[in-house]
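# Reading the structure
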Amino acid sequence: MFRPRFLFALGVSLSLLAFSGCDSTSSAERRAEQARKEAEQARMRAAFLGRIHEAESAVWQVLHPLIEKAANYRAEETHGYIGAAFVTEAFYSEALLVEARAEGFGPWVSVLTVFPDSPAESAGLRAGDRLLSINGSKVPEGSRSALYAARQVKRQLEPGGPNQLLVQRGDEVLELEVQPVEGAYYGVVVVASNAVDLQVDGDVIWIGLALVENLKSEKDLSYLCAYALAKNVMRHSKQKGKNAMLGQILDVAAAASGVNTGGLFGGMGGNAYSHAFEVEADLIALYLLASAGYEFSEYPDFWDRALRSRDRNGELTAKESERIETASKVVASIREKIEAEEAIFPEEYLQGDVSEIE
């Protein structure tokens, strides 16, 4: 008599168990799919950070010999240089912080690169070392670390004698002695945004990732880097004075790409450079390239192409044509000095003789 009811109850129970099993399987599948997506996103972020590192490496490889050659172009821009590049996590977009921290970059000053045969390498400094103090002066952490890496490290290093570095490497704290040389050192930030191609502010060279990746050759990159370095060495942004509006625009552009500038853009000098500044930057860049052993004869052609690419009809303005022509004259002048075995240094120009660019 109770058998049908029993069978019915049993059937319901089995159905509920089956439904519960399906739901459990569905939840497990959703969790697995979510984990797969998160892992793929993490892989993509790590790959993107890898692209930024490759761009940083390419820029620094070009700048390294130019930095030493730029010493004494302007006394106030000549500081201690040890052949190492320094960064903080603020140099990378917020979206990449997990990956950056996994590589040891946090809210402190870290060594990004140590160049072969440099004072840093001789002292035993390594990529990934965390800088704790320079000559007994504590290196700040947190929001101040970005400004310190860009502006103060070079000012704390005294060329011509031993300097003391305290660094953390893993669980070890090491004391290193390094002897800086003279150089015009500036920080480099590779920005993953189409809103920024190339900017300088007197302390940092901001360069777009797409710009680095799209340049056709290392030679073209050397032209661009030498030009940017010349802009900072000759203090163009500082000479133009403060332009609060432009600084805000650049801060917004950086923020849109997720870059935490740490105030580096704040009050940045104007970027509406005059024709005279462009001509001066070309002259200094050409001397830096030639003295460092880079090929420099195609520099005017590079800027001819670059400037034409900005115009819808591929044409140059009168001032741009004049700039290219002047750069060609400087190329010829440097060649004459090389043939005469003269020093490749713009001594006359720096002393006020502008006949080379007239």
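In what follows, the structure referred to is the one given above.
This report concerns the structure included in the present document. (Residues numbered from 1 in each chain as written. Predicted model: local features only at pLDDT ≥ 70, side-chain atom pairs only at ≥ 80, totals over all residues. Heavy atoms only, no water.)

Looking now at the side chain of T326. Within the secondary structure layout, T326 lies in helix 11 (residues 318-339). Given a relative accessible area of 9%, T326 falls into the buried group. A distance of 2.9 Å separates a polar side-chain atom of T326 from the backbone oxygen of E322. If we ignore the near neighbours within four places in the chain, the residues touching T326 are V279 and I357. (Helix = DSSP H or I, 4+ residues; strand = E, 2+ residues; numbered from the N terminus. Buried < 20%, exposed > 50% of the residue type's maximum accessible area, 1.4 Å probe, protein only. Polar contact = N/O pair within 3.5 Å; in protein donor to acceptor, adjacent residues only side chain to side chain. Contact = heavy atoms within 4.5 Å.)

Here the structure, examined in full by the defined rule, presents nine aromatic pairs. Ring centres 4.8 Å apart and planes at 65° place the aromatic pair Y73 and F345 in the edge-to-face group. Separated by 272 residues along the polypeptide, Y73 in the loop between helix 1 (3-69) and strand 1 (79-81) and F345 in the loop between helix 11 and helix 12 (347-350) bring together distant segments of the chain. Between Y223 and F302, the aromatic rings sit 5.8 Å apart at their centres with planes inclined by 55°, giving tilted as the arrangement. Here Y223, found in helix 6 (residues 218-233), pairs with F302, found in helix 10 (residues 299-309); they are 79 residues apart in sequence, far enough to count as distant. Of the residues examined, F302 reaches a relative accessible area of 7% and is grouped as buried. Here the aromatic cluster, defined as three or more aromatic residues joined through ring pairs, consists of Y223, Y227, Y299, F302 and W303. Sitting over the ring of W108, R130 keeps its end group 4.2 Å from the ring centre. Note that R323 overlies the ring of W303, its terminal NZ or CZ placed 4.5 Å from the centroid. (Phe/Tyr/Trp six-rings, centres within 6.5 Å; stacked < 30°, edge-to-face > 60°. Lys NZ or Arg CZ within 6 Å of the ring centre and 35° of its normal.)

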